[in-house]
Amino acid sequence: MKSLKPAYLIKLLLLCVSLFFIQPSLAHAKLTTANPSANAVLQASPKELAFTFSEAIELGFSQFTLMDSKQHPMAIAKPSLDATNPNQVHIQLAQPLVAGVYEVQWQVLSVDGHKTHGNYDFTVK
Ligand SMILES: [Cu+2]
């Protein structure tokens with residue numbers, strides 16, 4: 001460590017500090033609203049799943065999975081982008097969901113090239 005010049009260390013330190021502050025301020029696609037929403041308790045099956053992100057989504061590099069109560073992935077339609085809002089994704093449900101707890105798992109690539117992911121549950125009574 002003695003061979004490192006202080007100027008180099010200071011530059012390295014500044015780089016680390018700037019990365020630390022810049023990283024969170026970059027725009028990533030955060031899930032802003034979902035329907036059904038996280039922890040929703042529905043009296044009837046939804047007809048579709050809808051997700052709105054904070055940024056436009058690259059659908060071809062994004063993945064949505066709906067897990068049933070037994071944590072098995074369900075067959076769902078291909079996601080489609082909203083006709084007017086590139087931040088919004090719709091997934092039609094082929095058949096009504098039976099009563100149970102469902103988990104949505106999402107992983108998206110936003111147009112700025114960043115991947116984000118998350119998951120949440122909702123319940124159909
Ligand atoms: Cu980003």
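For every chain, the first residue of the written sequence is number 1, and numbering continues from 1 onward in sequence order. Reporting of local features is limited, given that this is a predicted model, to residues whose pLDDT is at least 70; pairs of side-chain atoms are given and counted only at 80 or more, and all residues count toward the totals for whole chains, interfaces and linings.

Asks: Give a description of the overall build of the chain that names residues and reports values.
Replies: Secondary structure summary: the chain contains one helix and eight strands in total. Strands here mean DSSP runs of E at least two residues long; helices mean DSSP runs of H or I at least four residues long; both are numbered from the N terminus. Secondary structure elements in the chain, listed N-terminal to C-terminal, are α-β-β-β-β-β-β-β-β. The proportion of buried residues among the 125 residues of the chain is 13%. Neighbour density around each residue's C-beta defines its exposure: 20 or more other C-beta atoms within 10 Å make it buried, 12 or fewer make it exposed, and counts between make it partly exposed, where C-beta atoms are placed from the backbone.

Asks: Explain the sheet that holds strand β1 (residues 31-35) residue by residue, including any values.
Replies: Within a sheet, each strand pairs with its neighbour through backbone hydrogen bonds, oriented either parallel or antiparallel. The strand order across the open sheet formed by four strands is β1-β3-β6-β5, and the pairing between neighbours is antiparallel. Each edge of the sheet is formed by a strand with only one pairing partner; in this case those strands are β1 and β5 (80-81). Between any two strands, pairing holds if DSSP finds at least two bridges. Note that β5 and strand β6 (residues 88-92) share two bridges and pair antiparallel. Within the sheet, the bridge partner assigned to Ser80 lies in β6 and is His90.

Asks: Describe the environment of Ala40, listing the residues and the values that go with them.
Replies: Structurally, Ala40 is set in the loop between β1 and β2 (41-42). Residue classification places Ala40 among the partly exposed positions, given that 15 C-beta atoms sit within 10 Å. Considering only alpha carbons, one finds Ala40 and Tyr120, 80 residues apart in sequence, at a separation of 9.7 Å.

Asks: With reference to specific residues and values, describe the pairing of strand β7 (residues 100-110).
Replies: Moving residue by residue along a regular strand, the side chains alternate between the two faces of the sheet. Two elements, strand β4 (residues 57-67) and β7, share seven bridges in a ladder whose sense is antiparallel. Across the sheet, the residue bridging to Phe64 is Trp106, located in β7. Pairing of β7 with strand β8 (residues 115-124) involves 10 bridges; the strand directions are antiparallel. Looking at β8, one finds that Val108 is bridged to Thr116.

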